Every structure is written in structure tokens, then in C-alpha cells.
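Next come the chains, spelled out residue by residue.
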Amino acid sequence: MDGAPEMVEAAAEEVAGEPLVGTLDLVLLTLLGAVSVYYFFIRNSTKKEDNAALKSFTISPTQLTPRPTDSNFISKMKSSGRNVIVFYGSQTGTAEEFAGRLAKEATRYGMKGMVADPEECDMSELAQLGEIENHLAIFCVATYGEGDPTDNAQEFYEFLQNGEEQLDGVQYTVFGLGNKTYEHYNAMGKYVDKRLAEMGAKQLFEYGMGDDDANMEDDFITWKDAMWPKVCEAFGIDAQAQDINMKQYKLTVHEDYDPTRLFTGEIARLNSLKVGSQRPPFDVKNPFMAEIGINRELFKSGDRNCLHIELDIEGSRIRYDAGDHVAIYPNNDQGLVTRLIELVGEDAKKVITLTNVDEDSSKKHPFPCPCTYHIALSHYVDITALPRTHVLKEIAEYTTDNKEKEKLLLMSGTSEGGKAEYQRWVVQDVRSIVHILEDLPSCKPPLDYLCELLPRLQARYYSISSSSKLYQNTIHVTANVLKYETPTGRLNKGVCTTYMQTLKPDNGTKYHVPIFVRKSQFRLPSKPQTPILMIGPGTGIAPFRGFIQERSIQKEEGKNRPWQFVLINNDLHLGS
Ligand SMILES: Cc1cc2nc3c(=O)[nH]c(=O)nc-3n(C[C@H](O)[C@H](O)[C@H](O)COP(=O)(O)O)c2cc1C
């Protein structure tokens, strides 16, 4: 899997479970004479598709939120006595998670930090940071596409491009997140670092880079563990990290509650997933409950599963073009949810609210609350992603067996031996939190803390495999169901494809899944006469099925010459 982020094998999980038939063995060639002119178009677009497959990505939930009236971060910092601000440019949550960890860690070193989404901040205030003694602005920024910023960092990027502000007196450092298999590796991080310096800001610690194709977590901890002592030195404070309570959210257990006020998997607004009473526009925060019209297996034999799914979008006003992506919010595997609750000895039906202890934070809850533990683990918390090292460090505190505790502490430390052990025991053995708790039976972290520490369950993106010219009211998905045996003999399964596989309408049973469409730049050439060569390395066949449908419509309309395609590996039936 070219470019798969090794670190987050659970992403790689989804990964193969993603949309796309996903292997180099599946190559589709459509030959129409001369082809080379469009090779680069396809190659570039394919690369994006490929990575969409490797790591499902989402729009930051904040992106549709209008900038709040309190976008004034300087006054917030001053009134709450903070001196460290961590901005993040994040699409799938990694940079945001790193930002949260850095802001928390500032406290360990005797500073006071806050996380900030640049989209919600008036970035022209940056220049005023100099008014705060011993301040530091940290930028954790990911790169996308052709070296582009994430959606939530777009405006900040423009602010830097305009470059009118003078940032003398501003102290900063940057950590860029990227993937070396991309031509524009970490372009955003490098750009932010360079522009801030050009605008007069002072780099307090050297620019760091994380490579998702290698070991992002390792890159990050190596950088930050070297960064803090330097910052402490610059501020003239003791560089010894204190062990303090890092819990960010307070648990409230509700004994008396109104069942109609409990969240049941909604992304933002209570009852927003009720079929029949939904209101457009549909987007990342307000997904449409699409009925699954057809869900059938494309392979008749063997142990591979590839699903052909048709999602009904009639009446939703959702529009799409061939090449776009459809995002589906999955449910975690119910067996895993039950097992996790059992391992920590909790009650699945307990109704809880997690509330941020930092009253100034714009994020009051880690996910919609109140809800039951069962809902939280089914819809909101990613329980299959590989836990990062800070999670291991925190759960070590709840481990009674000394040997098990030492193992967790070793893996969460920065020694070479510890890093190697983390790589072997967690990454190579693909151990999720459930596997870790199974294999370290004396580790019993409170479930509310696990809900805080584990990342948020993300929507999974699939290349749409239909053309809206042919199917206006349905979106087709061609998805390979991921399952594989891990070195410890466990069967790991892709979250969304495993979930979708169970939703086969039968005997009048109807299923609906929350979806929204994300526009892509992957398009057919605008002139219908243009000959094209379609190659699907890693991406599989899905988007090309939509393109072929589109071409056949154009042909019927007399817009292009007769054409044909050759399917090299034809275990998928496309029609022609
Ligand atoms: C569709 C897609 C496009 C990407 N484009 C680039 C790129 O051009 N350059 C790069 O260095 N990394 C690229 N990456 C890698 C991401 O920047 C990297 O995975 C990062 O950790 C994502 O951070 P986030 O989870 O905060 O969004 C891309 C990833 C995806 C899924």
C-alpha cells in the first residue's frame, strides 16, 4: 500500500476497507488511441484518490462554523493568564490532536497553554502576542493535495500570503505534518515557518516535520521533547516536566435524565438524524440519512468481499459529479464495543456528560453529550485506531501489575528501546485499545478517561462510483471489505465496510446511513473527445466506473467518438 501511514495502522485498516478496490493487482485500462497528454492529469488526481483510500479524511467539524464573536484570542490569553497558544491546521484530526497534547504539556512545564483553530481566530491579532511576557505561538499544520493548506487553515494561509502585518516580537515554532510520498512534502509547514520569519517573527525552536508514511508519532515526540527544554531555557524557567493531572474533561453521571434529550449518534444537533424530518443543506455537521437501496456482494466466491452499494439521495438536494467522494459515518463493531466496556468493568447504559474543565475553551465536550457509554463508543470514539504513546502513558497510571505498567511506560517514553517496543508491540502487531487491555489485564483505566484520550471516530470517504448524469438520485459506492489476521492471531476489520456489510436491505427491512458529499478535483477532461487512459493503482476501480458511465452518456448524446475500454483484471463487472 503505497504511502500508507504505518503509524496509524488503524487508519490503514480503514484504508484497505476504504472505497477502493485497493490493490495494485487491479488495473483498468481504457484505451482510446493517443493517451500520453492526459497521463499527468490522471497521475496527479490518482495520487489524491490513492491517499484518500489510505487514510480516510474529513472536514474539520469546525469548518462550517462561522467565526465566533470572541475570535479575539489575545484578550482570552491575557484574561486567563496563558502564554502558549497552539494553532492547528487539520483535516483528519492528527494536527488537532497534537495541538491538544502540546497545550496540555505546556502546563507540565509551568506554562499555560490553549488550543486555537485559526479559522475561528482573528489572525491579524498575532502581532499583539508580543504584549504577553514569555509567550509562544506553536503551529501544527498539515499539508494536503498539491501542497495546500487544510480547510481550516486556508484563511491563515491567505493572511500569510498577503504578508502585510509585521510580526516583530512574536515568538513561534512550527511542526508540519505531511507524507513523504507526496511531491509537495510538508509544503504548508515549511511555508508557515518561512513566512513567519520573513514577517519578522522570531523562531524560538527549529521547525519540525512529521512523515505519515514513516512514523509520525515518533517524529512528533522527538521534536516536542527537544522543543520544551529550549523554550524553558528561553523563558528562564525550570525545564523539569511535572507530573500533573492531565485530565481535560470532568465526568458527570446522570441518574435522572430525560431520555428524549440524550444524543444517539448525532454529529451536532439533537434529533438531526431522524429520517423524514431532516432539513438540507446536508454537510459534515448535518449528514443526510440515505437509505441503502441496494447492497450486494460483487464476488460470488472466495473470501474477498467487495460491496456494490446504492445510496438513495432523492429529496436531499445533494448534488455530485463523477470523481467526488461520499463520506459515511460508521458505527463501531458492536462486539468490540461490548468487549471494551466489559474489559474496564463499566455499565454500557450509564448516561454521562464530559465537560471541559477549561471554561475558556471553545470545545465544551469531546463529543455530543449527554449520551450513554454505549453510544459514545459506538458512534463517537475511535476504538480501533492504534493508541498513540501519550495514551499509553496515561493508562499506565491505572495498571496495577508492575511489569505491565513498566511496559506501558517504556513504550510511551522517548528511549530508543521504548520506541522500538512501541513499533513492534503496538504498530506491527496492530494492537487497538481493546487488544492492549486484553494483553495487559491489570490495566483498568476509567472509561470516561479513555473516551477523552482516544481520537474521535471520523467519517470514512469513498470515491463515488456512479455518474449523476445516469443516476441523479443515487450515489454508488464500490467498497472492498477489509479484514486481516494480525501477528497476534486476531482478526482486524475495517470499521465502515464491516458496518456496511451488515446493512443489507431484506424482507422490508430498511437501513439508513448518515452521509454527505465532498467535492474533489478528480474530473474527466472537459472535452468529451479527449482520449483517456485510466490507471487505478491502489485506488481501484471505483471512480472510473463513474467516469465510464459519464462517457457512455456523452456518447449517447453524440458528444464523443465510439470508444472501448480494456479491463485487465476483470473480477469486477463494470458493464460497458
Ligand atoms: C488526500 C490527501 C492528500 C495529502 N496531500 C499531502 C501533500 O501534498 N503533502 C504532504 O506532505 N502530505 C500530504 N498528505 C498527508 C497529510 O498531510 C498527513 O497525513 C497529515 O498527518 C494529516 O494531518 P491531519 O490528520 O491533521 O489532517 C495528504 C493526505 C491525504 C489524505
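- By the naming in an unreviewed UniProt entry, the protein chain goes by NADPH--hemoprotein reductase and is assigned to Chionoecetes opilio.

Describing the overall build of the protein chain
Okay, step 1: When you go through the protein chain residue by residue, the secondary structure sums to 16 helices and 19 strands.
Okay, step 2: When the 576 residues of the protein chain are sorted by exposure, 46% land in the buried category.
Okay, step 3: Considering only contacts within the protein chain whose residues lie at least 6 apart along the sequence, 78% involve residues at least 24 apart.

Considering helix α9 (residues 373-380)
Okay, step 1: Counting buried positions along α9 yields 7 of 8 residues, so the element is predominantly enclosed.
Okay, step 2: The complete set of buried residues in α9 reads Tyr373, Ile375, Ala376, Leu377, Ser378, His379 and Tyr380.
Okay, step 3: Residues of α9 that are buried in the fold lie against α8 (334-343), β12 (351-356), β13 (371-372) and α14 (447-453).

What about the nonpolar core?
Okay, step 1: If you look at the biggest cluster of nonpolar residues, it comprises 51 residues, and the most contacted ones within it are Ile85, Val86, Ala99, Ala137, Phe139, Cys140 and Val141.
Okay, step 2: Among the elements that take part in this core, strand β4 (residues 136-142) stands out by supplying 7 residues, more than any other.
Okay, step 3: Each residue touching Val141, except ones within four places of it in the same chain, is listed here: Gly89, Ala95, Ala153, Val174, Gly176, Leu177, Met188, Gly189 and Val192.

Let's talk about the sheet that holds strand β15 (residues 474-480)
Okay, step 1: Judged by pairing direction, the sheet is antiparallel, and its 6 strands sit side by side in the order β14-β11-β18-β9-β10-β15 without closing on themselves. With partners counted over all chains shown, the strands left at the sheet margins are β14 (460-463) and β15, one partner each. This sheet shows a mean twist of 40° between the axes of neighbouring strands, independent of strand direction.

Considerations on the packing of helix α10 (residues 389-396) against helix α11 (residues 402-412)
Okay, step 1: Two numbers describe how α10 lies on α11: the axes approach to 8 Å, and their chain directions differ by 150°. As summarised for this structure, α10 and α11 are arranged roughly antiparallel, according to the angle between their axes. Note on packing geometry: the crossing formed by α10 with α11 is left-handed. On α11, the residues that touch Thr389, His390, Leu392, Lys393, Ile395 and Ala396 of α10 are Lys405, Leu408, Leu409, Met411 and Ser412.
Okay, step 2: For the contact of α10 with α11, a count of residues per class yields 6 nonpolar, 3 polar and 2 charged.

Quick word on the pairing of β14
Okay, step 1: Because side chains alternate across β14, one face comprises the buried residues Arg460 and Tyr462, and the other comprises Tyr461 and Ser463, equally buried.
Okay, step 2: Pairing analysis gives 4 bridges linking strand β11 (residues 325-328) to β14, with the strands arranged antiparallel. Within the sheet, the bridge partner assigned to His325 lies in β14 and is Ser463.

Some details on α11
Okay, step 1: Within α11, burial applies to Lys407, Leu408, Met411 and Ser412. Along α11, the residues classed as buried sweep out an arc of 125° about the axis, all on the same side. Across from the buried face of α11, at angles greater than 90 degrees, the exposed residues are Asn402, Lys403 and Glu406.

Things to note about the sheet that holds β12
For sheets, the rule is that strands pair by backbone hydrogen bonds, running either parallel or antiparallel.
Okay, step 1: Read across the sheet, 3 strands follow the order β8-β12-β13 without closing on themselves; strand pairing throughout is antiparallel. One side of each edge strand has no neighbouring strand; the edge strands of this open sheet are β8 (249-254) and β13.
Okay, step 2: Where β8 lies against β12, 6 bridges are found, and the strand directions are antiparallel. What sits directly across from Lys250, in β12, is Thr355.

Remarks on the pairing of strand β18 (residues 512-518)
Okay, step 1: Burial analysis of β18 places 5 of its 7 residues in the buried class, which makes it a mostly covered element.
Okay, step 2: Where β11 meets β18, 4 bridges bridge the pair, whose relative direction is antiparallel. Bridging across to β18, His325 finds its partner in Arg518.

Quick word on the domain arrangement of the protein chain
Okay, step 1: Each assigned domain of the protein chain is listed here: domain 1 (9-58 + 461-567), domain 2 (62-235) and domain 3 (250-269 + 276-283 + 331-453).
Okay, step 2: Taken together, the 12 residues of domain 2 in the interface contact 8 residues of domain 3.
Okay, step 3: The element that contributes the greatest number of residues to the side of domain 2 that touches domain 3 is helix α7 (residues 216-235), accounting for 5 residues.

Some points on the UniProt feature "domain: Flavodoxin-like" (unreviewed entry) in the protein chain
Okay, step 1: Mapped onto this structure's residue numbering, the UniProt feature "domain: Flavodoxin-like" (unreviewed entry) falls at residues 84-228.
Okay, step 2: Span residues 84-228 is 34% helix and 21% strand, its end C-alpha atoms 12 Å apart.

Regarding unusual backbone geometry
Okay, step 1: Between Pro280 and the following residue, Pro281, the backbone shows a cis peptide bond with an omega angle of 5°.
Okay, step 2: Looking at the element boundaries, Pro281 is found in the loop between β8 and β9 (288-297).
Okay, step 3: Residues Cys369 and Pro370 are joined by a peptide bond in cis, for which omega reads 0°.
Okay, step 4: In this structure, Pro370 sits in the loop between β12 and β13.
Okay, step 5: Of note in the backbone geometry, Asn134 takes a positive phi value of approximately 45° without being a glycine.
Okay, step 6: Considering the arrangement of structural elements, one finds Asn134 in the loop between β3 (113-116) and β4.

Focus: the packing of α8 against α9
Okay, step 1: Running from N to C, α8 and α9 cross one another at 130°; their axes reach a closest spacing of 10 Å. When the axes of α8 and α9 are compared, the pair comes out oblique. Remark: the crossing between α8 and α9 carries right-handed chirality. Together, Val337, Leu340 and Ile341 of α8 and Tyr373, His374, Leu377 and Ser378 of α9 make up the contact between the two elements.
Okay, step 2: Classifying every residue of the contact of α8 with α9 gives 5 nonpolar, 2 polar and no charged.

Some words on the environment of Lys555
Okay, step 1: Looking at the secondary structure, you find Lys555 in helix α16 (residues 542-556).
Okay, step 2: In this structure the C-alpha to C-alpha distance between Lys555 and Gln521, which are 34 residues apart in sequence, comes to 23 Å.

Overview of the environment of Ala290
Okay, step 1: On the secondary structure map, Ala290 appears in strand β9.
Okay, step 2: Excluding residues that lie within four positions of it along the chain, Ala290 makes contacts with Leu311, Asp312, Ile313, His512, Val513 and Ile515.

Points about the confidence of the model for the protein chain
Okay, step 1: Per-residue pLDDT for the protein chain has a mean of 85; in total, 84% of the residues score no lower than 70.
Okay, step 2: Note on residues 1-69: pLDDT under 50 across the span, and 201 contacts to partners over four residues away in sequence or across chains.
Okay, step 3: Both confidence scores are given for the complex: pTM 0.81, ipTM 0.97.

What counts, and where the lines are drawn
- Along each chain, numbering runs from 1 in the same order as the chain's sequence is written.
- This being a predicted model, a pLDDT of at least 70 is required before a residue's local features are given, and a value of 80 or more before pairs of side-chain atoms are given or counted; all residues contribute to the totals for chains, interfaces and linings.
- Helical segments are the DSSP runs of H or I of at least four residues, strand segments are the runs of E of at least two, and each set is numbered from the N terminus.
- Between the buried cut of 20 or more and the exposed cut of 12 or fewer other C-beta atoms within 10 Å of a residue's own C-beta lies the partly exposed class, and all C-beta atoms are placed from the backbone.
- Any residue pair is listed as a contact if its two C-beta atoms, each placed from the backbone, are within 7 Å.
- For this entry, the nonpolar core is defined as buried Ala, Val, Leu, Ile, Met, Phe, Trp, Tyr and Cys residues connected by C-beta atoms within 7 Å.
- What makes two strands pair is DSSP finding at least two bridges between them.
- Here, axes are lines fitted to C-alpha atoms. For helices the fit covers the stretch in contact, and angles between N-to-C directions go from 0 to 180 degrees.
- Relative orientations are named as follows: roughly parallel for angles under 35 degrees, roughly antiparallel for angles over 145 degrees, roughly perpendicular for angles from 65 to 115 degrees, and oblique for any other angle.
- Handedness of a crossing is defined here by the sense of rotation of the near helix relative to the far one, left-handed for an anticlockwise turn of less than a right angle and right-handed for a clockwise turn.
- Residues are grouped as follows: Ala, Val, Leu, Ile, Met, Phe, Trp, Tyr, Cys and Pro are nonpolar; Asp, Glu, Lys and Arg are charged; every other residue, Gly included, is polar.
- To be clear, the arc concerns the directions from the helix axis to the C-beta atoms.
- Domain delimitation follows an automatic or database domain assignment.
- UniProt positions are given in the numbering used here, feature names are shortened, and annotations may be inferred rather than shown by experiment.
- pLDDT measures the predictor's confidence residue by residue and takes values from 0 up to 100.

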